[in-house]
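Here's the letter readout for the chains.
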Amino acid sequence: MADTLDSRPHTFSIKLWPPSLPTRQALIERMTNNLSSKTIFTDKFGSLTKDQAMENAKRIEDVAFSTANLQFEREPDGDGGSAVQLYAKECSKMILEVLKKGPVCKAEEVSSASPCKETVFDISKDKRAFIEAEEAEELLKPLKEPGNGYTKICFSNRSFGLGAARVAEPILASLKDQLKVVDLSDFVAGRPEAEALEVMNIFSSALEGSVLSSLNLSDNALGEKGVRAFGTLLKSLSSLEELYLMNDGISKEAAQAVSELIPSTEKLRVLHFHNNMTGDEGAVAISEVVKRSPLLENFRCSSTRVGEGGGIALSEALENCTLMKKLDLRDNMFGTEAGVSLSKTLSRFSHLTEVYLSYLNLEDEGAIAIANALKDSAAPIEVLEMAGNDITVEAASAIAACVAAKQDLNKLNLSENELKDEGCVQIAKTVEEDHLKLQYIDMSNNYIRRAGARALAQVVAKKEGFKLLNIDGNIISEEGIEEVKEILKKTPEVLGALDENDPDGEEEEEDDEEDEEKEGEGNDELESKLKKLEVNEDD
């Protein structure tokens, strides 16, 4: 549930986007060097002067940053990895385009050489504010230029009044045959309901019949009235590949309207429906959209107040989406039965790389079913998150077997469970020798003591390129913390903060020598048992 999500002491995550100004400047310098120095490409196409290279590099970086930032805004809760990849890809592509134009290339030619520069029109970077008719006339002038090649527009973060909407209406109508991506997220903020609905109607009518592949209507408090205000546009979209309806106040009635007004979803690849008040009945309506979307590969229905019935409906609807790559169902009230139902669907996914199943009340039964399904699937899982599911040591062996089978795993988040030392050590042993891509482990708030912390630290110490180990919020003794730090002394930066660790926690051993000996005996016994643990990814 959305309200619950905000109140929980969630653990931190590292954001890769946006890059810092020094990072951006360093990239500009590298591109300048690539454009002006001897390389296989400059040998083939010719190099630029230092001044030409610098000017082109600045423009390339600015265009690539804008393009990547649009990508990041579509997935605000992601770590920014996809935006970083796009940023680098666009820079590389435009460097080659500039060089192909030859050493006489002027800076202004970067614009014509780069499809990104002339295709992206974005006013979201300006200060968040109302926009009225006079300002809209000036701001939207580039869209009126004859022969412009804009295919992507972003009006997010500026609140359009009726006057501004009427200015935009003929402009959008004139572009609807060339527009591919439209971002209208958060574009009526602070407007009275009647005015906001009329603005939505104007934009909907102006864009009717366009050939959009991506539409973002997030952060507009749409409700059923808002969804229906966009009905004219939604009904006309026959080539839609991406739809974003996050934080839109979508109730069950609004969800039913979405299902009714989007009849054509055969090409839909991305559907994001985060932070709404959909509930079970709304989830049933959204499941109808999912059933009609066989190409769906990125589905997000997190923080939508979906319970067991809605969870089962969504799980069953997803069965036909066999191309699924990224699935995010976090922060709902699925429970064990919906978890078991979901496990049957997950077994059908062979392309799944990211799965976010935290805070679903799965408990051991649901977690075991899902872990077994993922273990037996061919999915190359890179991110696995199952935090806050009341998972105990009873499910640890199933999770360990699942993790052992996933050699592409980059990030594992099992925080806010009750795995304790025994479960933690079992899972740690499965990634000790291989899993070369593993960079993030989050085992915070799991009642872990010294033995579990030590096992994780020993694993991390062997991983080249490891980024972050989070074991905060546990009950690790002060001696245990010192031992972990000693194990990680060559890479101390990988150990996360320990501000919430409680060395005097209820289940912590006494610190005197006698109890340290008992702890050692207990750990020896635990390790003896774990030596008998067999994890076979072919099971």
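Residues numbered from 1 in each chain as written. Predicted model: local features only at pLDDT ≥ 70, side-chain atom pairs only at ≥ 80, totals over all residues. Heavy atoms only, no water.

K.L.:
Please provide a residue-by-residue account of the pattern of salt bridges, values included.
P.N.:
This model, assessed by the stated rule, comprises 30 salt bridges. The salt bridge partner of E132 is R191, with a shortest N-O separation of 3.0 Å. Of the two residues, E132 is situated in the loop between strand 2 (129–131) and helix 8 (133–139) and R191 in the loop between strand 5 (181–183) and helix 11 (193–207); the sequence distance between them amounts to 59 residues. In this structure R191 comes out as buried when scored by relative accessible area, which is 12%. For K141, the salt bridge goes to E138, with nearest N and O atoms at 3.4 Å. Connected through salt bridges with shared partners, the residues R300, D328, R330, E385 and K411 form a single ionic network. (Salt bridge = Lys/Arg side-chain N within 4 Å of Asp/Glu carboxyl O. Helix = DSSP H or I, 4+ residues; strand = E, 2+ residues; numbered from the N terminus. Buried < 20%, exposed > 50% of the residue type's maximum accessible area, 1.4 Å probe, protein only.)

K.L.:
How would you summarise helix 22 (residues 478–487) if you had to cite specific residues and measurements?
P.N.:
Those residues of helix 22 not exposed but buried are G480, I481 and V484. Each buried residue of helix 22 sits inside an arc of 100° when the element is viewed along its axis, so together they form one side. Opposite its buried face, helix 22 presents the exposed residues E478 and E482, each directed more than 90 degrees away. Looking at the buried residues of helix 22, the elements they touch are helix 21 (450–461). (Arc of directions from axis to C-beta. Contact = heavy atoms within 4.5 Å.)

K.L.:
Give a description of the confidence of the model for the protein that names residues and reports values.
P.N.:
When pLDDT is averaged along the protein, the result is 87; 86% of the residues meet or exceed 70. Confidence drops under pLDDT 50 across residues 104–117; counting only partners more than four residues distant or on other chains, this segment forms 34 contacts. Residue range residues 508–519 is modelled with pLDDT below 50. Its contacts to residues more than four positions away, or to other chains, number 15 contacts. (pLDDT = per-residue confidence, 0-100.)

K.L.:
Please give an account of the nonpolar core that cites residues and values.
P.N.:
The nonpolar side chains of soluble globular proteins are, as a tendency, buried together. F155, F203 and F299 are the most contacted members of the largest nonpolar core, which has 125 residues in total. F299 has contacts with L271, I286, V290, L314, L318, M324, K326, L327, D328 and L329, leaving out every residue within four places of it along the chain. One finds M31, F65, M94 and V98 within the second-largest nonpolar core, a separate group that totals 21 residues. (Core = buried A, V, L, I, M, F, W, Y, C linked by side-chain atoms within 4.5 Å.)

K.L.:
Break down the packing of helix 2 (residues 21–36) against helix 5 (residues 81–101) for me, with residues and values.
P.N.:
Helix-helix packing is described using two parameters, namely the angle between the two axes and the distance between the axes. For the pair helix 2 and helix 5, the least separation of the axes is 11 Å and the interaxial angle reads 30°. Between helix 2 and helix 5, the crossing angle belongs to the class labelled roughly parallel. Handedness of the helix 2/helix 5 crossing: right-handed. Contacts between helix 2 and helix 5 involve R24, L27, M31, N34 and L35 from the former and Y87, C91, I95, V98 and L99 from the latter. Within the contact of helix 2 with helix 5, the residues separate by chemical class into eight nonpolar, one polar and one charged. (Axes fitted to C-alpha atoms, helices over the stretch in contact; angles between N-to-C directions. Parallel < 35°, antiparallel > 145°, perpendicular 65-115°, else oblique. Left-handed = near helix turned anticlockwise from the far one by under 90°. Nonpolar A, V, L, I, M, F, W, Y, C, P; charged D, E, K, R; others polar.)

K.L.:
Tell me about a negative patch on the surface, and please be specific about residues and values.
P.N.:
Together, D280, E308, E337, E363, E365, D390 and E418 line one region of the surface with negative charge. Turning to its location among the elements, E365 is positioned in helix 18 (residues 363–376). (Patch = residues over 30% accessible without salt bridge, like charges linked within 9 Å, V, L, I, M, F, W, Y side chains within 5 Å. Areas by Shrake-Rupley, 256 points an atom, 1.4 Å probe, with all protein chains shown as cover. Lys, Arg positive; Asp, Glu negative; His and termini not counted. Charge placed at Lys NZ, Arg CZ, Asp CG, Glu CD.)

K.L.:
Can you tell me about the packing of aromatic side chains, naming the residues and giving the values?
P.N.:
By the definition in use, this model includes nine aromatic pairs. Taken together, a centroid distance of 5.0 Å and an interplanar angle of 80° make the contact between F187 and F203 edge-to-face. Of this pair, F187 sits in the loop between strand 5 and helix 11 while F203 sits in helix 11; the two residues are 16 residues apart in sequence, bridging distant segments of the chain. Exposure remark for F187: the relative accessible area of 0% places this residue in the buried category. Three or more aromatic residues link up through ring pairs in this structure, and these residues are F121, Y150, F155, F160, F187, F203 and F230. Residue placement shows R24 over the ring face of F65; its charged tip is 3.7 Å from the ring centre. Over the ring of F130 we find R191, and its NZ or CZ is 3.9 Å from the ring centre. (Phe/Tyr/Trp six-rings, centres within 6.5 Å; stacked < 30°, edge-to-face > 60°. Lys NZ or Arg CZ within 6 Å of the ring centre and 35° of its normal.)

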